[in-house]
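Residues per chain are reported as follows:
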Amino acid sequence: MNPGGSLAMNVDAGSNATDYIRHHLTNLRLDLTTGQIDSEAMHFWTLHVDTLVMVFGLGAFFCYIFWLGARQATAGVPGGLQNFVETMVEFIDKTVKETFSAESRVIAPLALTIFCWVFLMNLMDLIPIDMVPSILSAVGVPYWKVLPSVDLNLTFGLSLSVFALIIIYSTMGKGPGGFIKELLFHPFGPWLLPFNLVLNIVEMVAKPISLSLRLFGNLYAAELIFILISLLPWWIQWSLGTPWAIFHILVVPLQAFIFMMLTVVYLAMAYEHH
Amino acid sequence: MNFGATFWGPMISFALFVWFTMKYVWPPIQQALADRQQQIADGLAAGERGQQELEKAREEVAALLKEAREQASQIISQANKRQAELVDEARAEARAEGERILSAAREEVEREVQQAREALRREVADIAMAASGRILKREVDAKAHQDLIDELAAQI
């Protein structure tokens, strides 16, 4: 009817869409230098309150559920929750033992924690994306990113912990001297010492970076697609949203499993002699 | 990107949750699993033992049955032998008794015959005396002819 009006509407819709996407990708930030909630603050000393709450809440949820299941664990016929916890523990224990051959009291519980925790965080991807932000904005919280896996702070927080563990396990497994010797002499012998060192450091640093970027990238892409789908008219959303969500039932545990598995593999490589 | 101080949060909570899992989740579950494994192993061993005991008991029962059967047949054959012996004994006894009775009867008969003969003899003697008295028309003095009469009686 009116081409000009239609164009104006499109521009309007376009800027609305950009705002919508940006809103969904913005964390609730606490500026530590001013003590104010300021989501425009763009420096290091900010805290992502939503990420911290989600991360801690989901981890505590995991601990609580597993504690409930383990608290009254008996050798007799297990109840439903104990059965679930036992299944998880056995699955992780088996997977870890296949990879990490040495005795360790830490690795298997660590792997269980990583798997369940990352799984729960990824699972937040399947919550309808507008639900939590719109509820919280009604009570005055301007931004809320439900999916903590889409925050580099989280993925790097995890992978830096893993990096620290890699160094600790290298030192424990080979001794401080052995670890340094491996860094200096390992692939090509003492005559190419600087080259060895650079290579090993790159290899070591690449591990946490790839670990965290893999998780971040996968879930970021997923979340972005969900945001784009939610921009479609409501009557067509289901036709794309449903297959994508079903696909994510696979991606969510898979990414959690990959993160756990690679952690165990890295620690096994660090601990064992070459 | 918006990388900032937030990453300490996940790091600290990571350590915390791993510690929690290590302390409160992993050991009880592993303990329960190990206990159950032990119980199952014990149960299986007990089952195995029961099976063996059953087998042994079965063998024992078979041996006992065989022994009992042998004993029974032994007892039966003994009883049969004893029965035959008893029958034989009874038969012999009966025969002996019969013979005894028979001989006693025979003796009795003999004695009766003897007595009858004696009585007859006397009677004959008396008749003879009476007859001879009549012939002689006088009283024969029995006392005087006692020895004669006796001799006569003995001859009859």
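Cut-off values and rules
- Along each chain, residues carry numbers from 1 onward, in the same order as the chain's sequence is written.
- In the order they appear in the text, chains get letters beginning with A and ligands get numbers beginning with 1.
- Given that this is a predicted model, residues contribute local features only at a pLDDT of at least 70 and side-chain atom pairs are listed and counted only at 80 or more, while totals for whole chains, interfaces and linings are drawn from all residues.
- The side-chain quantities take in all heavy atoms of the structure and omit both hydrogens and water.
- A helix here means a DSSP run of H or I that spans at least four residues, while a strand means a run of E at least two residues long, and both kinds are numbered starting from the N terminus.
- Based on C-alpha atoms, the radius of gyration is set beside the globule rule, defined as 2.2 Å times the residue count to the power 0.38.
- Only protein chains enter the accessibility calculation, which uses a 1.4 Å probe. A residue is then buried if its area is under 20% of the maximum for its type, exposed if over 50%, and partly exposed in between.
- We get accessible surface area from the Shrake-Rupley algorithm with a probe of 1.4 Å; when it comes to residues, only the shown protein chains can shield them.
- Contact between two residues is taken to exist if any of their heavy atoms lie within 4.5 Å; hydrogens are not considered.
- When charges are counted, neither His nor the chain ends are considered; positive counts come from Lys and Arg and negative counts from Asp and Glu.
- Every charge is mapped onto a representative atom, which is NZ of Lys, CZ of Arg, CG of Asp or CD of Glu.
- Buried area is a sum: the accessible area each of two parts loses on coming together, probed at 1.4 Å, counted once for each and added.
- A pair is scored as a salt bridge if a Lys or Arg side-chain nitrogen falls within 4 Å of a carboxyl oxygen belonging to Asp or Glu.
- A patch is a set of surface residues, each over 30% in relative accessible area and not in a salt bridge, joined within 9 Å for like charges and within 5 Å for the nonpolar side chains Val, Leu, Ile, Met, Phe, Trp and Tyr.
- In this analysis, rings of Phe, Tyr and Trp, with Trp reduced to its six-membered ring, are considered paired at centre separations within 6.5 Å, and the interplanar angle assigns stacked below 30 degrees, edge-to-face beyond 60, and tilted for intermediate values.
- Charges are assigned to positions over rings by a cutoff of 6 Å between ring centre and Lys NZ or Arg CZ, combined with an angular limit of 35 degrees from the ring normal.
- Contacts described as polar in this section are N or O atom pairs within 3.5 Å, which, within protein, must combine one atom able to donate a hydrogen with one able to accept it, while residues neighboring in sequence count only if both atoms come from side chains.
- One requirement defines pairing of two strands: DSSP has to find at least two bridges between them.
- In predicted models, pLDDT denotes the confidence assigned by the predictor to each residue on a 0 to 100 scale.

A short note on the overall build of chain B
- The helix and strand inventory of chain B stands at 2 helices and 0 strands.
- The C-alpha radius of gyration of chain B comes to 60 Å, more than 25% above the 15 Å expected for a compact globule of 156 residues.
- Dimensions of chain B along its principal axes, counting C-alpha atoms only, are 195 × 25 × 20 Å.
- Buried residues in chain B amount to 16% of all 156 residues.
- When the accessible area of chain B is evaluated, it comes to approximately 12,300 Å², of which 57% is carbon and sulfur surface.

A closer look at the overall build of chain A
- Regarding its fold elements, chain A presents 8 helices and 3 strands.
- The N-to-C order of helical and strand elements in chain A reads α-β-β-β-α-α-α-α-α-α-α.
- The C-alpha extent of chain A, read off along each of the three principal axes, is 75 × 60 × 40 Å.
- Of all 274 residues assigned to chain A, the portion counted as buried reaches 42%.
- For chain A, contacts bridging at least 24 residues in sequence account for 66% of all contacts bridging at least 6.
- Both charge centroids of chain A, one from 11 positive and one from 18 negative side chains, sit 10 Å from each other.

Digging into the interface of chain A and chain B
- Between chain A and chain B, the contact holds 50 residues from the first and 29 residues from the second.
- Note on chain A versus chain B: buried area summed over both sides is about 3,500 Å², and carbon and sulfur give 77% of it.
- Per-residue buried area on chain A facing chain B is highest for Phe44, Ala75 and Asn153 of chain A; these three make up 17% of the total on that side.
- Counting the contacts that link chain A with chain B gives 1 salt bridge.

Topic: a nonpolar patch on the surface
All names here are of chain A.
- A grouping of Phe188, Trp191, Leu192, Phe195 and Leu199 is seen on the molecular surface, where their side chains present a nonpolar patch of about 610 Å² in accessible area.
- Along the chain, Trp191 turns up in the loop between helix H6 (152-185) and helix H7 (193-230).
- For Trp191, a relative accessible area of 82% puts it in the exposed group.

Focus on the packing of aromatic side chains
- Summed over the entire model, instances satisfying the criterion amount to 20 aromatic pairs over all chains.
- Geometrically, the ring pair formed by Phe91 of chain A and Phe257 of chain A is stacked, given 6.0 Å between the ring centres and 25 degrees between the ring planes. Residue Phe91 of chain A is found in helix H3 (residues 80-99), and its partner Phe257 of chain A is found in helix H8 (residues 234-271); the two are separated by 166 residues along the sequence.
- The positively charged end of Arg71 of chain A is found above the aromatic ring belonging to Trp67 of chain A, 5.1 Å away from the centroid.
- Note that Lys23 of chain B overlies the ring of Tyr24 of chain B, its terminal NZ or CZ placed 5.8 Å from the centroid.

Structural notes on the side chain of Lys174 of chain A
- As for its position among the elements, Lys174 of chain A is in helix H6.
- A polar contact of 2.9 Å, which involves the side chain of Lys174 of chain A, links it to the backbone oxygen of Ala270 of chain A.

Some words on the side chain of Asn196 of chain A
Residue and element names in this part refer to chain A.
- By the element assignment, Asn196 lies in helix H7.
- For Asn196, a relative accessible area of 0% puts it in the buried group.
- Polar contacts involving the side chain of Asn196 include one to the main-chain carbonyl oxygen of Leu184, which spans 2.9 Å.

Here we look at the sheet that holds strand S3 (residues 46-48) of chain A
- Reading across the sheet, the 3 strands line up as S2-S1-S3 (chain A) and stay open at both edges, with antiparallel pairing between neighbours. Taken across any chain shown, the strands that pair with only one partner, and hence form the sheet edges, are strand S2 (36-37) and S3 of chain A.

Things to note about the pattern of salt bridges
Residue and element names in this part refer to chain A.
- One pass over the structure, following the stated rule, counts 11 salt bridges over all chains.
- Where Asp93 meets Lys97, a salt bridge forms, and the shortest distance between an N and an O atom there is 3.0 Å. Residue Asp93 and its partner Lys97 are located together in helix H3, separated by 4 residues, close to a single helical turn.

With respect to the environment of Ala41 of chain A
Residue and element names in this part refer to chain A.
- Note on placement: Ala41 falls in the loop between S2 and S3.
- Put simply, Ala41 and Ala17 are 24 residues apart on the chain and 23 Å apart in space, counted from C-alpha to C-alpha.
- Leave out the neighbours within four places in its chain, and Ala41 touches Arg29, Asp31 and Thr46.

A few points about the confidence of the model for chain A
Residue and element names in this part refer to chain A.
- Counting all residues, the mean pLDDT for chain A is 85, and 94% of those residues have values of 70 or more.
- For chain A, helix H1 (residues 3-24) is the element with the lowest average pLDDT, namely 60, and helix H4 (residues 107-123) is the one with the highest, namely 93.
- In this model residues 1-11 is a low-confidence stretch, pLDDT under 50, and it forms 0 contacts with partners more than four residues away in sequence or in other chains.

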